[in-house]
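Single-letter residue listing:
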Amino acid sequence: MVFPGSNCDRDALQAARLAGMDAQLLWHEDPDLRGSDLVILPGGFAYGDYLRAGALARFSPVMGAVHAHAERGGLVLGICNGFQVLTEAGLVPGALLRNASSRFEHRWVRLSVERRDTPFTQAVPAGVTLRLPIAHGEGCYFLPGPQLDELEARGGVLFRYAGPEGNPNGSARDVAGVINERGNVCGLMPHPERASEALLGSEDGMLLFRSLLESAAAVAAR
Amino acid sequence: MSLAEPPVQRGQPDSALHRVLGLTDHEFGEISARLGRQPNELELAMFSVMWSEHCSYKSSRPLLRTLPASGEGVVAGPGENAGVVRIGDGLAVAFKLESHNHPSAVEPYQGAATGVGGILRDIFTMGARPIAILDALKFGDPADARTRRLVRGVVRGVGGYGNCVGVPTVGGELVFHPSYGANPLVNVMAVGLLEERDLTRAAAPGPGNLAVLFGSTTGRDGIGGASVLASATFGEADCAKRPTVQVGDPFAEKLLIEASLELIGERLVEGLQDLGAAGITCAVAETADRAGTGMVVDLAAIPRREVGMAPFEVMISESQERMLAIVRPERLEAVLAICARWGLLAAVIGRVTDDGDVTVISRGGAGQEQAEPRELARIPARALTSDAILHAREARPPTHSRRAPAPGAAVLPHDGLPERGMDPGAVLVSLLGDPNLASRAWLTAQYDATVGSDTVEGNERAAAVIRVKGTRKALVMATDANARVGLLDPYLGALTAVVECARNVAVTGARPLGVTNCLNFGDPERAEEYWRLQEAVRGLGDACRALGLPVTGGNVSLYNESPEGAIAPTTQIGIVGLLEDVEWRVGPAFRAEGDLVALLGDTVPGLAGSIYAEHAGSVPDDRPPGVDLAREAALLAFLPEAASRGLLRSAQDVSGGGLAVALAECAMWGDLGAHLQVSVGSAPAAELFGEGPGRVVVSVNPTCWTDLQALALRHDLPLRSLGTVGGHRLRIKLTGEGATGAAEDRGSGVADEVDEALAVLRHAWQSGLPRALGESG
């Protein structure tokens, strides 16, 4: 999905193709998702992040189609700014606030994978943590305490910051990524699409893309 | 292009318009001679910005002509928006360095942000997709509150813009030196990748073609870049004057990048030019002059964001994020459609002519269509650009200057380290924590270095490695300057910067392709300052000729002065190199226990200009180390060959902090210690902490040692084994006459070895910068 200001769209396209997906770029003004099984909302600064990160993108002409896609059980992955758009659009719970450091943070982090029974994580081997880069100014995950308890109880927290690299942005309970109740919409702040080749420092991100490819194939086979 | 940097006002204030605009009486005479009449007010305003130092290079152009511009694979050189060099597979790399010093001193966030925006436009104007940004920043004392404010603002500005447009910031420099206290330097380098067939010129060929302005609207921001224009004596303009620093909009820039590259890819434009300093005037005059054509501009057709703008304001506004495309009439519709798709305003503002003139007309203001357009200005395009005035400035060396010793000269009898009772390990720890040498993580963590999914090596390395998708190749890029040496000897400062930058690229295994530069100097109207500039250009030329590197472009920033004096002469160098196979790349970190550690090159005498000298407070009568250009050229040939044959485990350039700091970096970054012996002559400080050029620390698998020795011999390079990699301490035992025995004879009893745990070194290195700036890590 290309919004004006998306800047990880080409990275996501490349990673998806590298995983073996038949992937193409969609345009924010065109509500036709062209039969996609999976829609990726990429990182960047959609509409310049004016007003608030992700706040304008959710009014984009295509977002109605993304809602309908999600309601049909279609897969949606929001990365970084895409996660912000998903929270603004109400497709996943929570909000992303300014980093605790109040600075933009770019660094490599480590993620623990809380569940491996989702379409996003089924190819991740047990006990494996993921090394991925983050690059954001507003990635501090927030949800009021009781709602966060509820989210955790239903297994809605999919990724947490872990290991010696720690929590880079002050997110509540180290939450790095969440999944909706139905289990088909996921948002995360780190960039799996940039960790797609060993040459670039890690290929852990491909585990998520391979999971998605397998799940989409399974859905299609049914 | 950036804000015009105004000449210092001298003498009595004078109400004559040309003087108010910063033009001298002599220049006014030259303008009248080129026109064959006296200019009107609008024409004078256009001349004043185009004949500014920033746009015309009127002081530096005679010097820059002496630089070697041609070379293998150069497809665009000086005079274009950016240099372009072929890299094979039908691809080419575009790169350029540019300053945004004065705006950043006034308004650090916007000054730095628009600096990034301006240099990126220079890259994509050529048809290249920007793939990397490097920022070279120079500030005064980090303990000073003003410096801290500037650092925070500039770093946020560079990051705020680069992160948003989605171009990774992968390297650069951060230097603190007291001479930059009131006049910080913000130099930004951008690198882009293009298919050679997409190379686009900033020219306006084909009379009858249309001039299309697209992007942001035109406002009063950045008028003339000089407060001189905010004078009430100018015309009827009485509306509020805005600060002269432009405001950047990276979101608009991102749309401009995509739209411009789409226009080029679809073969819809004949020429493309970004709007920077001197705004529409500069874009129109330069494109017409490059094509030998003229251009007529209809003032009323230019979309504005403010009402009541005077003609001169529209013509010289430096509003950001605007582009000028030259379009065949039959392709106009397609061009407008692409701009509309990206949400960009586009308007036909003029037409290419064959008369060689830049003509400004107006078809009348809002609602008052006139039958006959009024002609407001007519100036030969050449007179504004290639035939602009040149000044022969007077150059005079300072009364007191020191010369460097010739390469190979004997090391001074002793250099004070043992006498001061210094423990070399403690000196090393203190150097690693120096804000000029410590980890830049505090700063670089604020930059997105991995967007684009091409970054193989980023910040915290002397050079960045960016792979070229779809090939086995990688581009390697670095930017360096040496202000401390430049202050003592501007010629040597330029030489040192070129060879260090080239070495930083070559240690990765890459072959340097070309050089861009940014010359940051003081007031050229002062003979000593002009001499410094002249010497630096001479050094730049000598170094590039000796290394066989073309100078493909650059930028000059003069009048970098404050009441406290001129900045240290700063020749900022940017080099891009090509690594034929990214798998050949060599990193700086030690990689395996048992590998041999060796030093390529010889220690050069001289401590002046080093960080050590700064720490020591003073050094005995001394000079900065000289440069052996033949040795440097041999290194540039040796390193890529050794890398391609897989002979090197690691390679690290010796520069700031000297050999000991280079060894510490190899160890910290590899999380592997080393057990080494360094034979020190009578000058242990020069051996351990001297910053003499021409040296590289390598580590080698023992099975490759004899092959490496043979290769070094063939390139006539000294190769000296220092010891082996292993453990978690850095141990450097000093041997020879400069070590303990000799020192103890003199009664000082200092330690004869460095023996520090990596954890201690790493702590000093990691905490140095935030501590110096009073920031939390």
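Just above sits the structure.
Quantities reported herein were computed from a predicted structural model and do not represent experimental measurements.

Caption draft 1: Local environment of the overall build of chain A. Helix and strand counts for chain A come out as five helices and nine strands. Helices and strands appear in chain A in the N-to-C order α-β-α-β-α-β-β-β-β-α-β-β-β-α. Over its C-alpha trace chain A gives a radius of gyration of 16 Å, about what one expects of a compact globule, namely 17 Å for 222 residues. If one aligns the C-alpha atoms of chain A with their principal axes, the spans along those axes are about 40 × 40 × 35 Å. Burial status across chain A gives 52% buried among its 222 residues. If you take every contact in chain A between residues at least 6 apart in sequence, the share linking residues at least 24 apart comes to 76%.

Caption draft 2: Spatial organisation of the overall build of chain B. Each helix and strand counted, chain B has 25 helices and 28 strands in total. Taken across its 777 residues, chain B has 62% of its residues classed as buried. Counting contacts in chain B only where the partners sit at least 6 residues apart, residues at least 24 apart contribute 84% of the total.

Caption draft 3: Fine view of the interface of chain B and chain A. In this assembly, 23 residues from chain B lie in contact with 21 residues from chain A. Among the elements of the structure, α8 (145-165), α9 (250-265) and β14 (455-457) of chain B are those that each provide at least two residues to the side of chain B that touches chain A. Its residues assigned to classes, the side of chain B that touches chain A shows eleven nonpolar, nine polar and three charged.

Caption draft 4: Inspection of the environment of E318(B) at higher detail. Residues and elements named next belong to chain B. For E318, the location among the structural elements is in the loop between α11 (311-316) and β10 (322-327). A count of 31 C-beta atoms within 10 Å places E318 in the buried class. A C-alpha to C-alpha distance of 43 Å links E318 and G692, two positions 374 residues apart in sequence.

Caption draft 5: Fine view of the pairing of strand β7 (residues 157-162) of chain A. In the sheet, strand β4 (residues 105-113) of chain A pairs with β7(A) via four bridges, with the strands oriented antiparallel. Considered in β7(A), the bridge of R110(A) is made with A162(A).

Caption draft 6: Quick look at the sheet that holds strand β6 (residues 185-195) of chain B. Residue and element names in this part refer to chain B. The strand order β1-β2-β3-β6-β4-β5 describes an open sheet built from six strands, whose pairing is mixed. Each edge of the sheet is formed by a strand with only one pairing partner; in this case those strands are β1 (74-76) and β5 (169-176). In this sheet, adjacent strand axes meet at a mean angle of 20° when their direction is disregarded. Relative to strand β2 (residues 83-88), β1 is paired through two bridges, and the arrangement is antiparallel.

Caption draft 7: Molecular detail of the sheet that holds β10(B). Residue and element names in this part refer to chain B. Taken in spatial order, the seven strands make up an open sheet running β8-β10-β7-β11-β9-β12-β13, and their pairing is mixed. Looking at which strands have only one partner, the edges of the open sheet turn out to be β8 (271-274) and β13 (374-380). Neighbouring strand axes in the sheet, compared pairwise and without regard to direction, differ in orientation by 25° on average. Summarising the sheet, β8 and β10 pair through four bridges and their orientation is antiparallel. Paired with L272 across the two strands is A325, which belongs to β10. Across the sheet, helix α10 (residues 279-291) is in contact with β7 (210-215), β8, β9 (294-298), β10, β11 (345-353) and β12 (357-362); its angle to β9 comes to roughly 150°.

Caption draft 8: Main features of the packing of helix α20 (residues 629-644) of chain B against helix α23 (residues 705-714) of chain B. Residues and elements named next belong to chain B. In the contact formed by α20 and α23, the axes pass within 10 Å of each other and the chain directions differ by 155°. Overall, the two elements α20 and α23 adopt an arrangement that is roughly antiparallel. The chirality of how α20 crosses α23 is right-handed. Contacts between α20 and α23 involve F638, E641 and A642 on the former and, on the latter, L708, L711 and A712.

Caption draft 9: Summary view of unusual backbone geometry. Phi is positive for S102(A), close to 60°, though the residue is something other than glycine. Mapped onto the elements of the fold, S102(A) is located in the loop between β3 (95-97) and β4. One non-glycine residue, Y57(B), lies in positive phi territory at about 55°. On the secondary structure map, Y57(B) appears in the loop between α4 (53-56) and α5 (61-64).

Caption draft 10: Inspection of the nonpolar core at higher detail. Residue and element names in this part refer to chain B. V498 and L663 are the most contacted members of the largest nonpolar core, which totals 321 residues. It is helix α17 (residues 490-506) that contributes the most residues to this core, eleven residues altogether. Non-local contacts of L663, meaning those with residues more than four positions away in its chain, are made with A674, L676, V697, L730 and I732.

Caption draft 11: Spatial organisation of the environment of G768(B). All names here are of chain B. Position of G768 relative to the elements: it lies in helix α25 (residues 758-773). Overall, G768 belongs to the buried group, with 23 C-beta atoms counted inside 10 Å. With 139 residues separating them along the chain, G768 and L629 place their C-alpha atoms 34 Å apart. Once you skip the residues sitting within four places of it in the chain, G768 turns out to touch L432, G433, D434, P435, A438 and S439.

Definitions and cut-offs
Residues numbered from 1 in each chain as written. Chains lettered and ligands numbered in written order. Predicted model: local features only at pLDDT ≥ 70, side-chain atom pairs only at ≥ 80, totals over all residues. Helix = DSSP H or I, 4+ residues; strand = E, 2+ residues; numbered from the N terminus. Rg over C-alpha atoms; globule rule 2.2 N^0.38 Å. Buried ≥ 20, exposed ≤ 12 C-beta atoms within 10 Å, placed from the backbone. Contact = placed C-beta atoms within 7 Å. Nonpolar A, V, L, I, M, F, W, Y, C, P; charged D, E, K, R; others polar. Pairing = 2+ DSSP bridges. Axes fitted to C-alpha atoms, helices over the stretch in contact; angles between N-to-C directions. Parallel < 35°, antiparallel > 145°, perpendicular 65-115°, else oblique. Left-handed = near helix turned anticlockwise from the far one by under 90°. Core = buried A, V, L, I, M, F, W, Y, C linked by C-beta atoms within 7 Å.

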